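Observations on chain architecture
Each chain, letter by letter, is given below.
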Amino acid sequence: MPESYLTGMAGRFRPSIGITKADLDKRGLWDMDRYTSPYVHDGILQRMFGGKWGNIKETFFEPTWGDRLKFKPEQFSSEKKIAAFLEKKSKENPASEADNEFVKSQLFLLFNNVILLKDEETPDLYHPRFNCEKTTSFQELSDDWKRIFRELHNDYFFVRHDELWKQKGLERLPIMKDATNMLVCGEDLGLIPNCVPFVMEETSIIGLRVQRMPPDAGVEFDDPAKYPYACVATLSSHDTSTFRGWWEEITDSQRESYWRNILKKDGSPPKSCATSIVEQAVDQHLASSALWAIFPIQDLLGFDEKLRRPNAAEEQINDPSNSMHYWRFRMHINVEDILASHEFVQKCKQLNEKNYRGVSY
């Protein structure tokens, strides 16, 4: 990620195989300023800022080609400069802090409203911005350019680097494994190249299964009963909401689907996550074939009404989409209080023994 950014929207792979200017020319893509500069015009500002759009335009932008606008180059040429300006305004007028945070988040979206990212080290080399199809910059392209950029995006993220990453993985991962006697687990979640399962198997690295993030396309929720042995099963991670938080933030249709298809229950699911729902989800993971079933403490406390936090949204450790929300989670009760809760400790023991985990041999 370039040093001048605060968000990760301009991140790119390293090592990577960038797209050359010559390759773009061959595809009929010639308007590099259109693809690489933040795409802004009056209509976009009006939709994003409503009645305040005129003031935003006057403060942050100046005219460029046609009806397009650009960030004022001296003052607002980076995310850091935008943030510093708005933070100063908030210090001068604390009552405006919430408004300034909103403006900052919207301006960051505009600053990253691009289709291609310039390589920071090699001129005339470019990288597709991840999920560029969701930007207004992409949506206002001609149909031909949209088609070409979809092809470029899909090739770059799912095909182009596969052999490179396979080679690098087979070179580096054994060295990392040899440096420790610990069991190594790979976080094979989300966007992963096709080579990852092969490399992990070749290097004997176990995977990670988070139920809401199934590895197979078209599958809504992973089924713990189908987990392989060589993995760690869990309900959530440090970068996601807890199981309770997830349950209460998903749509009614998703909640209904999980209720019927995973928990195998009839009727309508409650919108709030009862302790019995958390307990059943934990139980299903403990019953899986996974080598390890490891849970964030928040998910275990979730099946005890007296121990869990009243507000599930406060349980998340890290929010990757928010640069100001990072690793600030603190437990609301002492470990000694948890250990003193006989009912909770016995419940954990019973679930482990029921599923043959942690049983004395």
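Here's what I pulled together on the structure shown here. (Residues numbered from 1 in each chain as written. Predicted model: local features only at pLDDT ≥ 70, side-chain atom pairs only at ≥ 80, totals over all residues. Heavy atoms only, no water.)

1. Some details on the sheet that holds strand β4 (residues 68–71)
To keep things clear, this is the line we draw: By the convention used here, strands pair only if DSSP detects at least 2 bridges between them. The helix count covers DSSP runs of H or I at least four residues long, the strand count covers runs of E at least two residues long, and both are numbered beginning at the N terminus. Contact definition: two residues touch when any of their heavy atoms are within 4.5 Å. Between N-to-C directions, angles cover 0 to 180 degrees, with each direction set by a line fitted to C-alpha atoms, over the stretch in contact for helices.
A sheet is described by the order of its strands in space; here 3 strands give the open sequence β2-β4-β3, paired in antiparallel fashion. Edge positions in the sheet fall to β2 (40–41) and β3 (61–63), since each has one partner strand and no second. On the sheet, helix α4 (residues 53–60) packs against β3 and β4 and is oriented at approximately 80 degrees with respect to β3.

2. Quick look at the side chain of Thr135
Rules: Here's how the labels work: a residue is buried when its accessible area is under 20% of the maximum for its type, exposed when over 50%, partly exposed in between, all with a 1.4 Å probe on protein chains only. Here a polar contact is taken to be a pair of N or O atoms separated by no more than 3.5 Å, where protein atoms must pair a possible hydrogen donor with a possible acceptor and residues adjacent in sequence count only if both atoms sit in side chains.
Tracing the chain through its elements places Thr135 in the loop between β6 (125–128) and α7 (136–139). The exposure class assigned to Thr135 is buried, which follows from its relative accessible area of 7%. A distance of 3.1 Å separates the side chain of Thr135 from the backbone nitrogen of Phe138, its partner in a polar contact. In contact with Thr135, not counting residues within four places along its chain, are Asn112, Asn113, Val114 and Arg129.

3. Re the sheet that holds strand β5 (residues 116–118)
Sheet architecture is open: 3 strands sit in the order β1-β6-β5, paired in antiparallel fashion. Bordering the open sheet on either side are β1 (19–20) and β5, each of which pairs with just one other strand. Bridge count for β1 against β6 is 2 bridges, and the pairing is antiparallel. In the sheet register, Ile19 faces β6, and the bridge partner there is Tyr126.

4. Quick word on unusual backbone geometry
Note that the residue after Arg14, namely Pro15, is joined by a cis bond; omega there is 0 degrees. Within the secondary structure, Pro15 sits in the segment before β1. The phi dihedral of Asn131 is positive, around 60 degrees, even though this residue is not glycine. Among the secondary structure elements, Asn131 is positioned in the loop between β6 and α7. The backbone phi angle of Ser204 is positive, close to 55 degrees, even though this residue is not glycine. You can see Ser204 is positioned in the loop between α10 (196–202) and β7 (207–210). A residue is classified by how much of its surface remains accessible, and Ser204, at 51% relative accessible area, is exposed.

5. With respect to the nonpolar core
Spelled out, the test is: Residues belong to one nonpolar core when they are buried, are Ala, Val, Leu, Ile, Met, Phe, Trp, Tyr or Cys, and are joined through side-chain atoms within 4.5 Å.
Counting residues in hydrophobic clusters, the biggest one holds 26 residues, and the most contacted among them are Phe243, Trp247, Tyr258, Val282, Phe303 and Phe344. Counting residues per element, the ones that place at least two in this core are α11 (243–249), α12 (252–262), α13 (275–286), α14 (297–301) and α16 (342–354). Of all the elements, α13 adds the most residues to this core, at 5 residues.

6. With respect to the pattern of salt bridges
Counted only if it meets this: We define a salt bridge as a side-chain nitrogen of Lys or Arg found within 4 Å of a carboxyl oxygen belonging to Asp or Glu.
According to the stated counting rule, one finds 23 salt bridges in the structure shown. Where Arg47 meets Glu140, a salt bridge forms, and the shortest distance between an N and an O atom there is 3.6 Å. With Arg47 in helix α3 (residues 42–49) and Glu140 in the loop between α7 and α8 (143–158), the pair connects residues that are 93 residues apart, well separated along the chain. For Glu140, a relative accessible area of 36% corresponds to the partly exposed category. Salt bridges sharing common partners tie together Asp23, Arg27, Arg147 and Glu151.

7. A look at α12
Listing the buried residues of α12 in full gives Arg255, Ser257, Tyr258, Trp259 and Ile262. Contact partners of the buried residues in α12: α11 and α13. Looking one or two residues past α12, Lys264 carries a phi angle of roughly 60 degrees, positive in sign.

Interpretation note: all reported values are geometric properties and have no functional meaning in isolation.
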